[in-house]
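Observations on the three-dimensional arrangement
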Amino acid sequence: MVIGATGQIGRAAVGALARDGWEVTAASRGGGRDEGWPEEVRSARLDREDDSALAAVVGDGCDVLVDMVAFGAAHARQLTGLADRVGSAVVISSVSVYEDDRGRGFDTQSEPDGFPQYPVPIPESLRTVAPGDDTYSSRKAALERELLAAGGLLPTTLLRAGAVHGPYSRTPRELYVVKRNLDGRPARILAFGGASRFHPVSVHNLAELIRLAARRPASRVLNACDAQAPTVAEICAAIDAVMGVQTRSVLVDGPPPAPTVGDTPWTVPAPVVCDMSAAERELGYRPVVRYAESLPETVTSIERRLAGRDWREAYPKMFRAYGDLFDYAAEDAWSAS
C-alpha cells in the first residue's frame, strides 16, 4: 500500500513497486491514477488525517506500507497503531532533520551565523534536531523518533530525502532556471560563486530506494540522494543544455548582494552533501538515473504548467516558500550599479 500515491514521489514509487511484482494499492486524497502505472495497480481514496479511513484502506493487512506524506508524531502513532496488520513500513523523511555540533540546522539558517556547518559527506549518525511540533524539521524528527522507538513492533525504513526533483512537483527548484530561460534573460546572478551544493535526489532514485527497502524490512535510517551533488552553477548549465539556450552566470563572492538578487532554491553558504554508503551497503542501492539525465522530463513538466500562466498561479506553494524568485528589476538595478 502506498499513501500519497499521486504525489511527486508516489507516482514513481507505485510504478517501480508494481513492475517489481508487488500487488499495489495506490491511496491518495483524490483516488486518482497515473497513466504510466500498470493496469493491475488498484487505486483508493484516502484522507490521511482520518484514522478510520486509513484502517479501512489497510483492511486485513499489507506486507509493506509506503508513506510519502507522514509528518509528525501523530502520523507515526497512526502507523504503529496498525502494526498488527502491516508487515513493515517505508517512510519518507528529510535531510533537514540534521543539525551540526553547535545545534544549527535548517531552522536556524535565517539567524546571524545560523546556517549549519555539516561534515561532508553527512552520515546518518549525525545528531538531529529536537523533536517537536513547531517546524518542518522538528516534526520530521518527531516522526522518526516515534517510528524508531517502535522498531520491534513495526520495522520501518526512514529515507532522509535530499532536494527532490522530477515531474509533478509543486515546488520545483528547477523553475528558477527554466522560467529565466523562457523569459530570455541573458544572465543569472549566483551568490557564493555559484558553488553552493544542496544534494538532490531524483524521484526515480527515491523509488529505487523504496523498492529495495520494501524487499529488505528493517528498522533503520538511510540517506536518500543521487550519486552526485552538483553545484548551482553546474545545475544551471545542465538546464541550459536541455533547453538549448546559452546564458552566462554572474558569480558573486559571498552571500546574495541584495534582497531577491543572487539567491536560488539551492543556494546555501555551506555544502549539504550526504553519505550514501549505508544505502549502498544495506540495500545494494545503485542510482538508476543521474541528475542531468533526469532533467528533460522535469523541464517539460515545468514548461507545460507555466504555459499561459503567471508563475505564482502555476506554483503558489513555491511563491509562499521562496518569495519573489524573479525580481528582474532588482537584478537589473544591482547589475547596473
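Being a predicted model, the structure only gives us computed values, none of them experimental.

1. What about the packing of aromatic side chains?
We describe a pair of aromatic rings using the distance from one ring centre to the other and the angle between the two ring planes. Taken as a whole and judged by the stated rule, the model has eight aromatic pairs. Seen from their ring centres, phenylalanine 106 and phenylalanine 115 are 6.1 Å apart, and the 65° between their planes marks the pair as edge-to-face. Each of the two residues, phenylalanine 106 as well as phenylalanine 115, counts as buried. Centroid distance tryptophan 311 to phenylalanine 326: 5.0 Å. Interplanar angle 80°. Geometry classified as edge-to-face. Highlighted residues: tryptophan 311 in helix α10 (residues 311-314) and phenylalanine 326 in the loop between α11 (316-322) and α12 (328-336), separated in sequence by 15 residues. Here tryptophan 311 matches phenylalanine 326 in class, with each residue buried.

2. A short note on the sheet that holds strand β3 (residues 42-45)
By definition, the strands of a sheet pair up through backbone hydrogen bonds, in either a parallel or an antiparallel sense. Spatially, β3-β2-β1-β4-β5-β6-β10 is the arrangement adopted by the seven strands of the open sheet, whose pairing is parallel. Lying at the two open borders of the sheet, with one neighbouring strand each, are β3 and β10 (220-224). Relative to strand β6 (residues 156-161), strand β5 (residues 86-94) runs parallel, the two sharing six bridges. Bridge pairing links alanine 89 to threonine 156 in β6. Sitting on the sheet, helix α4 (residues 136-149) is in contact with β5, β6 and β10, with an inclination near 155° to β5.

3. Some words on the pattern of salt bridges
Counting across every chain of the model gives 18 salt bridges. Where arginine 215 meets aspartate 20, a salt bridge forms, and the shortest distance between an N and an O atom there is 2.6 Å. Pair noted here: arginine 215 is in helix α6 (residues 203-215) and aspartate 20 is in the loop between α1 (8-19) and β2 (25-28), with a separation of 195 residues, a long-range link. For glutamate 331, the salt bridge is made with arginine 185, and the minimal N-O distance between the two is 3.3 Å. With glutamate 331 in helix α12 and arginine 185 in the loop between α5 (175-182) and β8 (187-190), this residue pair connects regions lying 146 residues apart in the sequence. Just as glutamate 331 is buried, arginine 185 falls in that class too. Several salt bridges converge on common partners, so that one network encompasses Asp20, Glu208, Arg211 and Arg215.

4. Quick notes on the pairing of β10
Among the five residues in β10, five count as buried, and that is most of the element. Residues Arg220, Leu222 and Ala224 line one face of β10 and the alternating positions Val221 and Asn223 line the opposite face, and both faces are buried. With five bridges joining them, β6 and β10 adopt parallel strand pairing. If you follow threonine 157 over to β10, its bridge partner there is arginine 220.

5. Section: the packing of α1 against α6
At a minimum axis separation of 8 Å, α1 and α6 run at an interaxial angle of 50°. Taken as axis vectors, α1 and α6 run oblique relative to one another. Every pair of crossing elements has a handedness; the one defined by α1 and α6 is right-handed. The segment α1 lies against α6, with Gln8, Ile9, Ala12, Ala13, Ala16 and Leu17 engaging Val203, His204, Leu206, Ala207, Ile210, Arg211 and Ala214. Looking at the contact of α1 with α6 residue by residue, the class counts come to 10 nonpolar, two polar and one charged.

6. A few points about the nonpolar core
Core analysis: the largest hydrophobic core is formed by 75 residues, its most contacted members being Ile210 and Ile239. No other element matches α6, which puts eight residues into this core. Within the second largest apolar cluster, 22 residues are counted, among which are Leu54, Ala55, Leu65 and Ala76.

7. Describing the side chain of glutamate 331
A relative accessible area of 3% means that glutamate 331 is categorised as buried. Among all residues touching glutamate 331, those that are not within four sequence positions of it are Arg180, Arg185, Ile189, Thr260, Val261 and Leu325.

8. Details of the pairing of β2
Burial along β2 is two-sided: Thr25 and Ala27 facing one way and Ala26 and Ser28 facing the other are all buried. Handedness of the strand β1 (residues 2-3)-α1-β2 crossover: right-handed. For β2 and β3, the ladder comprises four bridges, and the chain directions are parallel. By the bridge assignment, alanine 27 is partnered in β3 with alanine 44.

Criteria and thresholds
- Residues numbered from 1 in each chain as written.
- Predicted model: local features only at pLDDT ≥ 70, side-chain atom pairs only at ≥ 80, totals over all residues.
- Heavy atoms only, no water.
- Phe/Tyr/Trp six-rings, centres within 6.5 Å; stacked < 30°, edge-to-face > 60°.
- Buried < 20%, exposed > 50% of the residue type's maximum accessible area, 1.4 Å probe, protein only.
- Helix = DSSP H or I, 4+ residues; strand = E, 2+ residues; numbered from the N terminus.
- Pairing = 2+ DSSP bridges.
- Contact = heavy atoms within 4.5 Å.
- Axes fitted to C-alpha atoms, helices over the stretch in contact; angles between N-to-C directions.
- Salt bridge = Lys/Arg side-chain N within 4 Å of Asp/Glu carboxyl O.
- Parallel < 35°, antiparallel > 145°, perpendicular 65-115°, else oblique.
- Left-handed = near helix turned anticlockwise from the far one by under 90°.
- Nonpolar A, V, L, I, M, F, W, Y, C, P; charged D, E, K, R; others polar.
- Core = buried A, V, L, I, M, F, W, Y, C linked by side-chain atoms within 4.5 Å.
- Right-handed = clockwise from strand over helix to strand, strands pointing away.

It is worth stressing that arrangement in space is one thing and function is another; only the former is reported here.
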